[in-house]
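Architecture at a glance
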Amino acid sequence: MAAAATTGSVRDALEGAGDALAAVGVDTPRLDAELLLAEATGWDRARLAAEPETGVPASAGRQFGEMVRRRLRREPVAYILGRKGFRHIELAVDRRVLIPRPETELLVELALETAPRRVLDMGTGSGAIALAIADEAPACEVIATDTSAAALPVARANAERLGLADRVEFVEAMLPPDVGGLDLIVANLPYVAESEWGGLEPEVTGWEPREALLAGPDGLDVIRVAIPLAAAVARSLALEVGAGQAPAVGELLFEAGFAKVETRPDLAGIPRVVWGSQ
């Protein structure tokens, strides 16, 4: 029986892709190359590291080459793979939704600490926050909203795939009509200022949904609308914010009637979540 055709070794594939990705300014060229090659071959990264001289099957080499070409255009790895891990779940993602970030896990942690009976995830996108809460707090009633008709099908499909569709109610709105009695609203709303847009990485500006990121001259346009709406229906509100925005958002929460305001830093020490309680 003839040996399967190969296109060079694992080492050659990773080094060639890594050099090309580094040349166009990708921050993590080796890691990205490993993730893409693991996807193309069906091998895990541990095997790639342990068997650098193994030949890459020709079909996997072609798939890897196409994925690398996409990454060279600065398409995010999560969109190329079609998925992104978030806490204990894996979410399908595409250009209709933002890619979940590690700092957003702070909102889930806060929800788990406060153990709300009813929580609403405002601006759910891929469903990351709502589905993580539903997964880790099975006694909690979870509602997820988004004003994007394009994003909600992604969130609903994630809920179905994760077996959580009966645990989360999805609504196309900022807040559902007649909603009330909420213990907590968590929200990762658009908070990028227009002046900051040009300084963001091309993975963001060229690929992720602009409407889920930009929010006016100071980045607070959507948050200004959301806070008084939330104050009318929820005992507490936790918002993810950008660097330097926490003081202004804290003032907005006080003005809306949230008597107690706290901040939570991310791993870089940046105040990333502002939490108001009535």
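Our structure's up above, just so we're on the same page.
Below is a short write-up of the structure. For every chain, the first residue of the written sequence is number 1, and numbering continues from 1 onward in sequence order. Whole-chain, interface and lining totals are the exception, using all residues; otherwise, since this is a predicted model, local features are given only for residues with pLDDT of at least 70 and side-chain atom pairs are given and counted only at 80 or more. Excluded from the side-chain calculation are hydrogens and water; included are all heavy atoms of the structure.

Numbering of helices and strands runs from the N terminus; a helix is a DSSP stretch of H or I covering at least four residues, while a strand is a stretch of E covering at least two. Counting secondary structure elements, the protein contains 11 helices and 11 strands. Taken along the three principal axes of its C-alpha coordinates, the protein extends 75 × 40 × 30 Å. Categorising residues by exposure relies on relative accessible area from a 1.4 Å probe, with only protein chains included: less than 20% of the type maximum marks a residue as buried, more than 50% marks it as exposed, and the intermediate range marks it as partly exposed. When each of the 278 residues of the protein is scored for burial, the buried share is 50%. Here the protein has roughly 12700 Å² of accessible surface; of this, 53% comes from carbon and sulfur atoms. Only four residue types enter the charge count: Lys and Arg as positive, Asp and Glu as negative, with His and the chain ends excluded. To locate a charge, the coordinates of NZ of Lys, CZ of Arg, CG of Asp or CD of Glu are taken. Of the side-chain charges in the protein, 27 are positive and 42 negative, and the distance between the mean point of each set is 3 Å. Only the protein chains shown count as cover for residues, with accessible areas throughout obtained via the Shrake-Rupley method and a probe of 1.4 Å.

Structurally, aspartate 146 is set in strand E6 (residues 141-146). Criterion for a salt bridge: a side-chain nitrogen of Lys or Arg within 4 Å of a carboxyl oxygen of Asp or Glu. One buried charged side chain, aspartate 146, makes no salt bridge at all; its nearest oppositely charged neighbour is arginine 156, positioned 10 Å away. Discounting residues that sit within four places of it in the chain, aspartate 146 has contacts with Gly123, Thr124, Gly125, Ala151, Leu152, Val171, Glu172 and Ala173. Note on contacts: a residue pair qualifies if any of its non-hydrogen atoms lie within 4.5 Å across the two residues.

The next thing to look at is the pairing of strand E3 (residues 83-86). Paired strands, in this sense, are two strands between which DSSP finds at least two bridges. As judged from the four bridges shared by E3 and strand E4 (residues 89-92), these two strands associate in the antiparallel manner. Across the sheet, the residue bridging to glycine 85 is glutamate 90, located in E4. From the end of E3 to the start of E4, which pair antiparallel, there are two residues, and arginine 87 there has a positive phi angle of about 55 degrees.

Mapped onto the elements, alanine 92 comes out in strand E4. Note: C-alpha distance between alanine 92 and glycine 244 (152 residues apart in sequence) is 31 Å. Not counting residues up to four positions away in its chain, the partners in contact with alanine 92 are Gly82, Arg83, Ser126, Val154, Asn158 and Arg161.

So, on to the pairing of strand E9 (residues 236-240). The element E9 is extensively covered by neighbouring structure, given that five of its five residues are classed as buried. Burial along E9 is two-sided: the residues Ser236, Ala238 and Glu240 and Leu237 and Leu239 are all buried. With three bridges joining them, strand E8 (residues 184-187) and E9 adopt parallel strand pairing. What sits directly across from alanine 187, in E9, is leucine 239.

Centre distance within 6.5 Å is the pairing criterion for rings of Phe, Tyr and Trp, where only the six-membered ring of Trp is used; planes under 30 degrees apart are then read as stacked, over 60 as edge-to-face, and the remainder as tilted. All told, the structure shown has zero aromatic pairs when counted by the stated rule. Two conditions define a charge sitting above a ring: the NZ of Lys or the CZ of Arg must be within 6 Å of the ring centre, and it must be within 35 degrees of the ring normal. We note arginine 47 situated over the ring of tryptophan 43; from NZ or CZ to the ring centre the distance is 4.0 Å. Against the face of tryptophan 197 rests arginine 210, its NZ or CZ located 4.7 Å from the ring centre.

Looking now at the environment of alanine 144. With respect to the helices, strands and loops of the structure, alanine 144 is situated in strand E6. With 32 residues separating them in the primary sequence, alanine 144 and proline 176 have C-alpha atoms 9.3 Å apart. Those residues in contact with alanine 144, other than ones at most four positions away along the chain, are Asp121, Thr124, Ala130, Val168, Glu169, Phe170 and Val171.

Before going further, it helps to spend a moment on the sheet that holds E9. Overall, mixed pairing links the seven strands, which are arranged E7-E6-E5-E8-E9-E11-E10 in an open sheet. The sheet is open, and its two edges are formed by strand E7 (168-172) and strand E10 (260-265), each paired on a single side. Neighbour-to-neighbour, the strand axes of the sheet open up by a mean angle of 20 degrees, direction not taken into account. Axis definition: a line fitted to C-alpha atoms, limited for helices to the stretch in contact. Angles are taken between N-to-C directions and run from 0 to 180 degrees. Against the sheet, helix H8 (residues 151-161) touches E6 and E7, its axis set at about 170 degrees to E7. Its contacts with the sheet place helix H11 (residues 246-255) against E9, E10 and strand E11 (271-277), and it is angled at close to 10 degrees to E11.

Residues of helix H6 (residues 105-114) that are buried include every one of Leu106, Leu107, Val108, Leu110 and Ala111, and no others. Looking one or two residues past H6, alanine 115 carries a phi angle of roughly 50 degrees, positive in sign.

Let's shift gears to the pattern of salt bridges. By the definition in use, this model includes 23 salt bridges. In this structure, the salt-bridge partner of glutamate 39 is arginine 83, at a minimum N-O distance of 2.7 Å. Of the two residues, glutamate 39 is situated in helix H2 (residues 29-41) and arginine 83 in strand E3; the sequence distance between them amounts to 44 residues. Put simply, glutamate 109 and arginine 87 hold a salt bridge, and the shortest N to O gap is 3.7 Å. Here glutamate 109 is found in helix H6, whereas its partner arginine 87 is found in the loop between E3 and E4, with 22 residues between them in sequence. Glutamate 109 gets classed as partly exposed once you look at its relative accessible area, which sits at 33%. Salt bridges linked by common partners bring Asp32, Arg71, Arg74 and Glu203 together as one network.

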